[in-house]
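# Notes for the structure review
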Amino acid sequence: GAGGHKIALDPGQQKSAMDEKEPVGPGASDTTAKILSVLAAIILWFYVIDVQTTQYEKEFNAVPIAIENLNPDTKLSVISGRDSTVDVTLKGTRAKLNTIKKSDIYASIDASQIREPGNFRFDITIDVPSGISVSNQSVSLVSLSIDRTMTKPFKIEVETEKNLFSGYELGEFVIDPSYVNVSGPEDIIKTIQTAKIKVNLGDAKGSVTSTREIQLLNASGQQVSSPYLMKSEEYAEVTIPVLKTESKEISVVFDGNGKFKYSVLPKSVLIKGRAEFVDNMDKVTTIPVVLDDNTVSATAMLDLPSGVVAFDKDGNVI
């Protein structure tokens, strides 16, 4: 040391200094790796036990119940109970349950023994994928009401809502199709009085073509609806001519190049036809009139487009 003095260190202090400077050897890292390996193995073991071995339950709500083997030759159909469902609780490992969807569960009843109309109760059969079991179900029986099937044609009628201006009226409807065949349980078919489509015309000033849903109505005018009814057509198209009545001036057309002074009686005429045709006519012309030098009067025919008629004030067609 400086000045030639020696400094003696305490043995304990020497050891502490050596400990601070001693590097960590390879044995410590091996120990850490072993500990981590053991922890990973324990975690994996718990995962396998939980996912692959332990049994769990999972509930599936509103599984539809299929009606099988109802003989079509009996002409019977279901009038109530067709839309029945069952809540199903399945049991299995977590790995299996996590792959199951409601569509993988098939619930059904066997109606093969039904031969006559009536009310019946059926046991529910539930099929599930392999490795899964049914631990609980909300119902074990389903009640069905069965009736005979029939088909009946109905002429389609049109009901209109309108607020037409003066001088306008409706012409004859054209409906396509004009009939609908309805199939279903006999008891329900017998309650149907009419098949109808409804069209709101408002204040239409021209012909209307509209496609509307066919409604089935009972005698009270209430709609008859059932999932067991089948219609040959769901919609019908109707063309409704809107007719217009209006007075038009008469203009005489002469054959050839002759020019004449003339008067015409009556001076105007009432015409009625599809509103769009009537609106396009400024006046009513005649079929060309042939005159010679001695002619002082003649009767002329009116030249009217198809669908337009002329009539007098009393309604008589001219």
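Here is what the cut-offs are and how they apply
- Sequence order as written defines residue numbering, which begins from 1 separately in each chain.
- Local features in this predicted model are restricted to residues whose pLDDT is 70 or higher, and side-chain atom pairs enter the listing and the counts only when it is 80 or higher, whereas totals over whole chains, interfaces and linings include all residues.
- The side-chain values count all of the structure's non-hydrogen atoms but skip hydrogen atoms and water molecules.
- For our purposes a nonpolar core is just a set of buried Ala, Val, Leu, Ile, Met, Phe, Trp, Tyr and Cys residues, chained together by side-chain atoms within 4.5 Å.
- Accessibility here uses a 1.4 Å probe with only protein chains present; expressed as a share of the type maximum, an area under 20% marks a residue as buried, one over 50% as exposed, and anything in between as partly exposed.
- Helix and strand assignments come from DSSP, with helices taken as H or I runs of at least 4 residues and strands as E runs of at least 2, each series counted from the N terminus.
- Whether two residues are in contact is decided by their heavy atoms: any pair within 4.5 Å suffices.
- Put simply, a salt bridge is a Lys or Arg side-chain nitrogen that is within 4 Å of an Asp or Glu carboxyl oxygen.
- Paired strands, in this sense, are two strands between which DSSP finds at least two bridges.
- Lines fitted to C-alpha atoms define the axes, with helix axes restricted to the stretch in contact, and inter-axis angles between N-to-C directions lie between 0 and 180 degrees.
- Planes of paired rings set the category: under 30 degrees apart is stacked, over 60 is edge-to-face and the rest tilted, where pairs are Phe, Tyr or Trp rings (Trp by its six-membered ring) whose centres lie within 6.5 Å.

### Re the nonpolar core
Core analysis: the biggest nonpolar cluster contains 24 residues, and Val-182, Ile-192 and Leu-229 have the highest contact counts within it. Of all elements in the fold, only strand 8 (141-162), strand 9 (168-170), strand 11 (179-185), helix 4 (186-189), strand 12 (194-202) and strand 16 (235-240) reach the threshold of two or more residues within this core. It is strand 12 that provides the largest number of residues to this core, a total of 4 residues. Leave out the neighbours within four places in its chain, and Val-182 touches Met-150, Thr-151, Lys-152, Phe-154, Ile-189, Ile-192, Leu-216, Leu-229, Met-230 and Lys-231. In terms of nonpolar packing, the next biggest core, distinct from the first, is built from 23 residues, Val-88, Ile-100, Ile-124 and Ile-146 among them.

### Here's the deal with the pattern of salt bridges
Applying the stated criterion across every chain yields a total of 10 salt bridges. Between Glu-116 and Arg-148 there is a salt bridge whose closest N-O contact spans 2.9 Å. Separated by 32 residues along the polypeptide, Glu-116 in the loop between strand 4 (106-110) and strand 5 (118-123) and Arg-148 in strand 8 bring together distant segments of the chain. Here Lys-248 and Glu-246 are joined by a salt bridge, their closest N and O atoms 3.2 Å apart. Overlapping salt bridges bring together Lys-244, Glu-246, Lys-248 and Asp-279 as one network.

### Some points on the sheet that holds strand 16
Strand order across the open sheet formed by 3 strands is 10-16-13, with antiparallel pairing between neighbours. Each having just a single partner strand, strand 10 (174-176) and strand 13 (208-213) make up the two edges of the open sheet. Neighbour to neighbour, the strand axes of the sheet diverge by 20° on average, direction disregarded. As defined by bridge partners, strand 13 adjoins strand 16 across 6 bridges and the pair is classed as antiparallel.

### Focus on the packing of aromatic side chains
The geometry of an aromatic ring pair comes down to the distance between the two centres and the angle between the two planes. Applying the stated criterion across every chain, the model contains 2 aromatic pairs. When the ring of Phe-120 is compared with that of Phe-122, the centres are 6.4 Å apart and the planes differ by 45°; the resulting orientation is tilted. Among the residues examined, Phe-122 registers a relative accessible area of 8% and is labelled buried. Ring centres of Phe-254 and Tyr-262 lie 5.3 Å apart, and the angle between their planes is 70°; on these two criteria the pair is classed as edge-to-face.

### Some points on unusual backbone geometry
Generally, phi is negative for residues other than glycine and the peptide bonds are trans, each holding for most cases. A cis geometry characterises the amide bond from Asp-176 onward to Pro-177, with omega recorded as -5°. Mapped onto the elements, Pro-177 comes out in the loop between strand 10 and strand 11. With an omega of -5°, the peptide bond between Leu-265 and Pro-266 qualifies as cis. You can see Pro-266 is positioned in the loop between strand 17 (242-251) and strand 18 (268-274). The backbone phi angle of Ala-62 is positive, close to 55°, even though this residue is not glycine. Along the chain, Ala-62 turns up in strand 1 (residues 55-68). At Asn-69, a residue that is not glycine, the phi angle is positive and equals roughly 65°. Residue placement: Asn-69 occurs in the loop between strand 1 and strand 2 (76-80).

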